[in-house]
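Geometric and topological summary
Spelled out, the chains give:
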Number of protein chains: 2
Amino acid sequence: MPEREKLTERRIAEEALGLIDEDGIDGLSMRKLGQRLGTTSMSIYTYFTDKEAVLAGVAQLILSEVDAPSDEGLDWREVVRRIMWSYREVCHRHINAAPLAIKYPPTTPDALAFVEAGFRALRRAGFDDQSIARSYRALAAYSFGTLAIEMNGYYATASAAAAPGARRETLHAATLDKHLPTVAEIRPSLAEQHDAEEFEYGLELILTGFADITAAGGS
Amino acid sequence: MPEREKLTERRIAEEALGLIDEDGIDGLSMRKLGQRLGTTSMSIYTYFTDKEAVLAGVAQLILSEVDAPSDEGLDWREVVRRIMWSYREVCHRHINAAPLAIKYPPTTPDALAFVEAGFRALRRAGFDDQSIARSYRALAAYSFGTLAIEMNGYYATASAAAAPGARRETLHAATLDKHLPTVAEIRPSLAEQHDAEEFEYGLELILTGFADITAAGGS
DNA sequence: AGGGCCGGATGTACACTGTACGGGCATCGG
DNA sequence: CCGATGCCCGTACAGTGTACATCCGGCCCT
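Let me begin by describing the structure that accompanies this report. Remember, predicted model here, so these are calculated numbers, not experimental data. Every chain is numbered independently, its residues counted from 1 as its sequence is written. The order in which chains are written sets their letters, starting at A; the order in which ligands are written sets their numbers, starting at 1. Two thresholds apply to this predicted model, a pLDDT of at least 70 for residue-level local features and 80 or more for giving and counting side-chain atom pairs, whereas whole-chain, interface and lining totals are computed over all residues. Computation of side-chain values: all heavy atoms of the structure, hydrogens and water removed.

**Some details on the pattern of salt bridges**
Between Lys or Arg on one side and Asp or Glu on the other, a salt bridge is scored when a side-chain nitrogen of the former is within 4 Å of a carboxyl oxygen of the latter. This model, assessed by the stated rule, comprises 32 salt bridges over all chains. The shortest N-O distance in the salt bridge between E185 of chain B and R123 of chain A comes to 2.1 Å. Of this pair, E185 of chain B sits in helix α11 (residues 181–191) while R123 of chain A sits in helix α6 (residues 109–124), each in a different chain. Across the pair D75 of chain B and R77 of chain B runs a salt bridge whose closest N-O atoms are separated by 3.0 Å. On the basis of relative accessible area, R77 of chain B is assigned to the partly exposed category, the value being 29%. Connected through shared salt-bridge partners, E78, R81, R82 and E204 of chain A make up one network. Put simply, DSSP H or I for four residues or longer makes a helix, DSSP E for two residues or longer makes a strand, and each gets a number counted from the N terminus. Only protein chains enter the accessibility calculation, which uses a 1.4 Å probe; a residue whose area is less than 20% of its type maximum is buried, one above 50% is exposed, and one in between is partly exposed.

**With respect to the relation of the copies chain B and chain A**
Copies of the same chain, two in number, are related to each other by a rotation about an axis and a translation along it. Overlay of chain B on chain A (RMSD 0.1 Å): rotation 180 degrees, translation along the axis 0.0 Å. The superposition of one copy onto the other is thereby described by a two-fold rotation axis. Minimal C-alpha distance to the rotation axis in chain B is attained by G145 of chain B, lying at 2.1 Å. Pairs of residues are marked as contacts when any of their non-hydrogen atoms sit within 4.5 Å. A shared binding surface is used by both copies, with 100% of the interface residues of chain B retained as interface residues in chain A. Least-squares superposition aligns the copies on the C-alpha atoms of those residues with pLDDT at or above 70 in both.

**A word on helix α1 (residues 9–23) of chain A**
Residue and element names in this part refer to chain A. Expected helix span is computed as 1.5 Å times (number of residues minus one). Between its terminal C-alpha atoms α1 stretches 21 Å, which fits the 21 Å expected from 15 residues at 1.5 Å a residue. Of all the residues in α1, the buried ones are E9, R11, I12, A13, E15, A16, L17, G18, L19 and I20. Buried residues along α1 sit against α2 (30–36), α3 (51–63) and α5 (98–103). Downstream of α1 by a residue or two, G24 has a phi angle that is positive, lying close to 80 degrees.

**Quick notes on the protein's contact with DNA strand D**
If a single non-hydrogen atom of a residue is within 4 Å of a molecule or strand, that residue counts as near it. Not every one of the 20 residues close to DNA strand D is listed here, only the nearest: R31, Y45 and K51 of chain A together with T39 and Y47 of chain B. The sugar-phosphate share of atoms of DNA strand D within 4 Å of the protein amounts to 55%. Here a polar contact is taken to be a pair of N or O atoms separated by no more than 3.5 Å, where protein atoms must pair a possible hydrogen donor with a possible acceptor and residues adjacent in sequence count only if both atoms sit in side chains. Between DNA strand D and S29 of chain A there is a distance of 3.3 Å, counted from a phosphate oxygen to a side-chain nitrogen or oxygen. K51 of chain A has a polar side-chain atom sitting 2.7 Å from a phosphate oxygen of DNA strand D. When residues of the surface near DNA strand D are traced back to their parent elements, those giving at least two are α2 of chain A together with α3 (41–44) of chain B. Throughout, the ten residues Ala, Val, Leu, Ile, Met, Phe, Trp, Tyr, Cys and Pro are labelled nonpolar, Asp, Glu, Lys and Arg are labelled charged, and all others, Gly among them, are labelled polar. For the surface near DNA strand D, the class distribution of residues is 7 nonpolar, 6 polar and 7 charged.

**Topic: the protein's contact with DNA strand C**
The full set close to DNA strand C counts 19 residues, and T39, S43 and Y47 of chain A together with Y45 and K51 of chain B are the nearest of them. When the atoms of DNA strand C within 4 Å of the protein are sorted by group, sugar and phosphate make up 54%. Between S43 of chain A and DNA strand C, the recorded distance is 2.5 Å, taken from a side-chain N or O atom to a phosphate oxygen. Note that a phosphate oxygen of DNA strand C is positioned 2.6 Å from one of the side-chain N or O atoms of K51 of chain B. Of all the secondary-structure elements, those providing two or more residues to the surface near DNA strand C are α2 (30–36) and α3 of chain B. For the surface near DNA strand C, the per-class residue count stands at 7 nonpolar, 6 polar and 6 charged.

**A closer look at the packing of aromatic side chains**
A pair of aromatic rings is counted whenever rings of Phe, Tyr or Trp (Trp by its six-membered ring) have centres within 6.5 Å, and the orientation is called stacked for planes under 30 degrees apart, edge-to-face for over 60 and tilted otherwise. Counted according to the given criterion, the structure contains 10 aromatic pairs over all chains. Taken together through their ring pairs, the aromatic side chains of W85, Y142 and F199 of chain A make up a single cluster. Here the basic side chain of R88 of chain B rests over the ring of F199 of chain B, its NZ or CZ set 5.2 Å away from the ring centre. Lysine NZ or arginine CZ positioned within 6 Å of the ring centre and within 35 degrees of the ring normal marks a charge as sitting over the ring. R134 of chain B extends its terminal NZ or CZ atom over the ring of Y201 of chain A, reaching a point 4.4 Å from the ring centre.

On their own, these measurements won't tell you what the molecule is for.
Rendered as structure tokens:
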């Protein structure tokens, strides 16, 4: 009831993000969102065509939180590093909403700010258009994948007793892992990985690869 | 009606996959699945605790389709290449179900077969446990991210008129892209990328990085 | 000032979802 | 022959997204 502020596309997305932060992405229903805004679910449809559109709006919101460093006097590598780490930080802070940042590309100016910053840095470093596009794609792929792994505790569930929901065929760790000896051997090393370290490892690996591009002379 | 075959965890997962292939992941409902199996929705709960468990089962199913090359006489790079390309091919063939392959790690022996093959190849090439875990993670991250990008036509929607579902604030391409000049410049290059080529580019980049690990002597 | 209008907000209704619960069934061990 | 034990299914319930019709409040035009 206190929420009698005027309804706004922005405000709706913010409140939706709050709800997702608390209850997860499936916990967001139009009715709950309407209630949280002090109205009903149908009011939202004045500003968004769909529930999907609301989700896309939430994605824009969190993407706009990513740092967009001005590249004055910064090595292009450093600019990319800052963007990537900031992206990761933002998605971890809104971990429940992270799938949205993966699914919906940045489209609004605010959400595109960090992309612009990255592109500009690469351009100043002498990358041609195609190399920039390529690098963007590789970096996006890497961060998406990293998030996907870090989210559901990928390796945690992987190490758990297999086939969690299946009622039959629970494979006994001891006996059946002898059909997959190497998997059994490596599992512990997977479990004890540190997310941040591994993220850095892969990121630097990619940056090194890019450096070779520029060394080879761009196009 | 013709479907009076005995109900089975496997058969349920297969039929669910078929339904997802046709109608997408949201098009799968327990009722439709039951009907397709010749029974009702509730019968499924004898074999799976949840709808989620069914989805995890579908994931195992498609993961088990990935090639698991025997590494006899193959360079480890070639083994990894085959696995990665096969993984990509399988996920593209079941493009609607691909998010499941990302969300649920392989747990059943069949689904783990390709992981075992990859691990074995790396081990024979002299990678220690930690390096194998690292490489697995990096490769998984890359393929997940690649899929995420290739799935929803990431760059296609990115290039489309912005904020598709929002009723207000459609940003006019010409005028507002002057606030994001570099983005505007690069967009065409993004649009004309070829998925397979870019996948190969990134994959080879990663493999080269791994080679440096082994050259440096493993640990 | 009065009347028309129109866009934002909402109430109701419908088709559909996942699944808890309780009963029916056939098969098998005693 | 009698239980009993899995498999199967029918019903019921709470909750979902949203189409559609309605309402209300402020603006413009005459």
